[in-house]
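# Residue-level structure breakdown
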Amino acid sequence: MAMLVFFFSSRRRHTRCSGVSWARRCVQETGIEILPRLICAFVNREITEAEPVKTEEIQVAQYTGELDYEQMKNFAEMFIEMKGGFANRKTIDQVKYQSDFDRLCIKKGGLCLIALLNGSPSEENQKKIENLIEEMKSVKARFAQNPINFMWIDARCHSSLLKHFQLQTEYLPTAIIYSPSRKFYSNLVGIFDKDSLRLFVENALKGRIAQYPLKDQIEIDEQDCAAVHQKLDEEQSKIYEQSQADKDLEDEILREILEEQRKRQEELEKEEKKSKKKKKKSKKQKDEL
């Protein structure tokens, strides 16, 4: 994979003099809205004399982090490491430990799309996870040439992570986009599917999305997720059993109330019939007199 890195400044001598009109055109055609900006132009294949580069093959990725040497170096290295091209990264890795998060997000540069899923080991839920990951793969393939890393976390197990993003387990599945360099995040708005994720990523790459500062460092606490899920399932089972018992009690009370009302209505109807008979008999006696 061939790569060129360009740095565009807002100073006139860098971008607006006639001698570098190509730079001004490049800024306009790549949709750069904020200067200064670092971009990487690359071709997603090996270049040979027999197969020279064609204009339509050139891809452009923008660096959205701070103008910090280490962060920009990590951004460039992300391209260098992927010698086979971005399209070969077809898997969506799971973050289980802090080392996973550092490797898949922090040290990669660019943005990180983190899917927050319910990782319950039940067979039904595992099928749901497979379907959600397939949705992510579709979006990842679409943005294969962009500096954005995809991963997922069992947020039901690592629930302490949710507090960083003002979320609760009831919101799962959902996703956030995190910028390690700028320390901000954005929340997915809408349902978790490929269309919502695609729009989410597009807006993030263009900077057209609500961004919130992250006050604390993201830390993935080590958990025995199998034990955590078992405990949570047992608690949910107890809550369900208790709610079912409460519902049964409420139903029983309601049946008793309805039965009392039925008996009272029957008594009222009997009294009304007796009263009518008594009035009718009294009228008949008066007529005879």
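Residues numbered from 1 in each chain as written. Predicted model: local features only at pLDDT ≥ 70, side-chain atom pairs only at ≥ 80, totals over all residues. Heavy atoms only, no water.

Looking only at helices and strands, the chain has seven helices and nine strands in total. With 289 residues in all, the chain has 34% of them scored as buried. At a minimum sequence separation of 6, the contacts of the chain that also span at least 24 residues come to 72%. (Helix = DSSP H or I, 4+ residues; strand = E, 2+ residues; numbered from the N terminus. Buried < 20%, exposed > 50% of the residue type's maximum accessible area, 1.4 Å probe, protein only. Contact = heavy atoms within 4.5 Å.)

This part is about the pairing of strand β6 (residues 148–154). β6 sits mainly inside the fold: seven of its seven residues count as buried. Relative to β6, strand β5 (residues 111–117) runs parallel, the two being bridged by seven bridges. Bridging from a neighbouring strand, L117 pairs with D154 of β6. As a crossover connection, the stretch from β5 through helix α5 (residues 123–142) into β6 is right-handed. (Pairing = 2+ DSSP bridges. Right-handed = clockwise from strand over helix to strand, strands pointing away.)

Strand pairing in a sheet is mediated by backbone hydrogen bonds. Such pairs are either parallel or antiparallel. Read across the sheet, six strands follow the order β4-β6-β5-β7-β8-β9 without closing on themselves; strand pairing throughout is mixed. The open sheet has two edge strands, β4 (93–95) and β9 (212–213), and neither has a second partner. Where strand β8 (residues 184–187) lies against β9, two bridges are found, and the strand directions are antiparallel. Residue pairing in the sheet places Y185 in a bridge with Y212 of β9. With respect to the sheet, helix α4 (residues 98–106) is in contact with β4, β5, β6 and β7 (174–179), its orientation differing from that of β4 by roughly 130°. (Axes fitted to C-alpha atoms, helices over the stretch in contact; angles between N-to-C directions.)

Worth remembering: the numbers are spatial, not functional.
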